[in-house]
Amino acid sequence: ANGAGYSQWHPKLPFIAFQSETVRQHFTSGESTKNYPFDIVSDLLLYDIEKNEVSNILRTKNKVETFMSWSPDGEYLYYATTDSIYKSAKDVDKIHFDIARIKFDATTKTFGAPEIMVNASKSDSSASGAKISPDGKYMLYRRAKYGSYMQTAKSADIFIMDLSTRESHALNEINSKDADSFHDWSSNGRWIMVESRRLDGNYARVFFAYFDKNGIAHKPFQLPRQNPWYDYYSMKCYNCSEFSTTPAEKQSFEIFDFMESNDIEKASFVSTIDSADANSSATKVDAQSGASQLNKKTKK
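Heads up: these notes are all about the structure in this document. Just so it is clear, the model here is predicted, and its values are computed rather than measured.

What counts and how
Here the residue numbers are simple positions, counted from 1 along each chain's written sequence. For a predicted model such as this one, the threshold for reporting local features is a pLDDT of at least 70, and the threshold for listing and counting side-chain atom pairs is 80 or more; totals across whole chains, interfaces and linings nevertheless cover every residue. To get the side-chain values, take all heavy atoms of the structure and skip hydrogens and water. Patch membership requires more than 30% relative accessible area and the absence of a salt bridge. Residues of like charge join within 9 Å; the nonpolar side chains Val, Leu, Ile, Met, Phe, Trp and Tyr join within 5 Å. Values of accessible area rely on a 1.4 Å probe in the Shrake-Rupley scheme; residue burial ignores everything except the protein chains shown. Salt bridges are defined as contacts in which a side-chain nitrogen from Lys or Arg sits within 4 Å of a carboxyl oxygen from Asp or Glu. The way it works is that DSSP assigns letters per residue, a run of H or I at least four long becomes a helix, a run of E at least two long becomes a strand, and they are numbered from the N terminus. The rule is simple: take the accessible area with a 1.4 Å probe, protein chains only, and divide by the maximum for that residue type; under 20% is buried, over 50% is exposed, in between is partly exposed. Two aromatic rings from Phe, Tyr or Trp, using only the six-membered ring of Trp, form a pair when their centres are within 6.5 Å; if the ring planes differ by under 30 degrees the pair is stacked, by over 60 it is edge-to-face, and anything between is tilted. Counting as a charge over the ring demands two things of the Lys NZ or Arg CZ atom: a distance within 6 Å of the ring centre and an angle within 35 degrees of the ring normal. Strand pairing requires that DSSP identify at least two bridges connecting the strands. Any pair of N or O atoms that falls within 3.5 Å is considered a polar contact. Within protein, one atom must be able to donate a hydrogen and the other to accept it, and sequence-neighbouring residues count only if both atoms are side-chain atoms. Contacts: residue pairs with any heavy atoms within 4.5 Å of one another.

1. Concerning a nonpolar patch on the surface
Phase 1: On the surface, Ile 255, Phe 256, Phe 258 and Met 259 cluster together to form a nonpolar patch covering roughly 370 Å² of accessible area.
Phase 2: By the secondary structure assignment, Ile 255 is in helix H2 (residues 252-261).
Phase 3: Taking the relative accessible area as the measure of exposure, Ile 255 reaches 44% and is therefore partly exposed.

2. Some details on the packing of aromatic side chains
The geometry of an aromatic ring pair is captured by two quantities: the separation of the ring centres and the angle between the planes.
Phase 1: Under the definition given, this model contains 19 aromatic pairs.
Phase 2: Pairing Tyr 138 with Phe 211 gives two aromatic rings, centres 5.2 Å apart and planes at 80 degrees, and the pair type is edge-to-face. Taken together, the positions of Tyr 138 in strand S11 (residues 138-144) and Phe 211 in the loop between strand S16 (205-210) and strand S17 (221-222) put the pair 73 residues apart, joining distant regions of the chain.
Phase 3: Residue classification places Tyr 138 among the buried positions, given a relative accessible area of 16%.
Phase 4: Where Tyr 232 meets Tyr 233, the ring centres are 5.1 Å apart and the plane angle is 90 degrees; that geometry is what we call edge-to-face. When sorted by exposure, Tyr 232 lands in the same class as Tyr 233, which is exposed.
Phase 5: Here the aromatic residues Trp 191, Phe 208, Tyr 210, Phe 221 and Phe 243 are joined through ring pairs into a cluster of three or more.
Phase 6: Positioned above the aromatic ring of Phe 67 is the side chain of Arg 142, whose terminal nitrogen or guanidinium carbon lies 4.6 Å from the ring centre.
Phase 7: In this structure, Arg 143 packs its charged tip against the face of Phe 159, placed 5.7 Å from the ring centre.

3. Focus: the sheet that holds S16
Phase 1: Pairing is antiparallel across the open sheet formed by four strands, whose spatial order is S14-S15-S16-S17. Every interior strand has two partners, whereas the edge strands, strand S14 (180-185) and S17, have only one.
Phase 2: The pairing of S16 with S17 spans two bridges and is classified as antiparallel. Residue pairing in the sheet places Phe 207 in a bridge with Gln 222 of S17.

4. Things to note about the side chain of Asp 180
Phase 1: With respect to the secondary-structure elements, Asp 180 resides in strand S14.
Phase 2: Here Ser 196 takes part through its side chain, which lies 2.7 Å from a polar atom of the side chain of Asp 180.
Phase 3: Apart from residues lying up to four places away in sequence, Asp 180 is in contact with Ala 156, Asp 157, Ile 158, Asn 175, Val 194, Glu 195, Ser 196 and Arg 198.

5. A look at the pattern of salt bridges
Phase 1: Using the criterion set out here, one finds 12 salt bridges in the structure.
Phase 2: For Asp 180, the salt bridge goes to Arg 198, with nearest N and O atoms at 3.0 Å. With Asp 180 in strand S14 and Arg 198 in the loop between strand S15 (191-196) and S16, this pair connects stretches of sequence that are 18 residues apart.
Phase 3: One salt bridge connects Arg 225 with Asp 231, and the closest N-O pair in it is separated by 3.9 Å.
Phase 4: Judged by its relative accessible area of 35%, Arg 225 falls in the partly exposed class.
Phase 5: Taking relative accessible area as the criterion, Asp 231 reaches 5% and is therefore assigned buried.
Phase 6: Bridged by salt links that share partners, the residues Asp 48, Glu 53 and Lys 109 form one connected network.

Here is the structure:
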């Protein structure tokens, strides 16, 4: 199997949605965006923790699906999607993503038909990173000229959709002239976190903005530090920041040590497979038997 990443825990059940993708980076010399990562191929899969089983969420040969997230009630999976048009580096700025969602039936562990929520490609732009507010009323997402990652794209801005009316607008109270991306809601829906390169155009820092009960965002402020110059001197970027109601119980080195010291168990791939799965990188197909396995570390 190709790389697995951007996993999302189901909010109520022992399921993990993740993507299997082939990622590349496009480095530029004449654009303001210094480098740009993108998926050549990518599919969405579901891991059942208790049964140690992997199954397809979507089986598409000619589409890319990425950056998924669950609705707070766990009934929908939101994701970004586009046609697989990449042939060379010249195609990168032509890749336009839309945001879609699919209904999830937890009883049968199946998904419904895709429903487009943001048709950004219609206007030659791109949208990804849907995040639904805890009360289910709003959807945050990012929008740029092209692509899905957007963390280095100066055109990247944060947008919000009122899910009752399906109307969207840019959160100009939060956005800057540089890349604004990788956003999240606090557990009470009153705060928005966003990573932005507004300070120097090079490094992503975390900013917070209050979001009131009337749906209005307020002026953002940078993550407070005991040493206010910490981020200024740091040569590290924040990436995929998320709110948490509890502190991390394990250090990163403890997680890596656990992974290295425990045997890998093979998770059964329970979906019917065909050539589409192999072409989209979602599975590694055995040419003789047609059997498919994905290696997954189990939670001990």
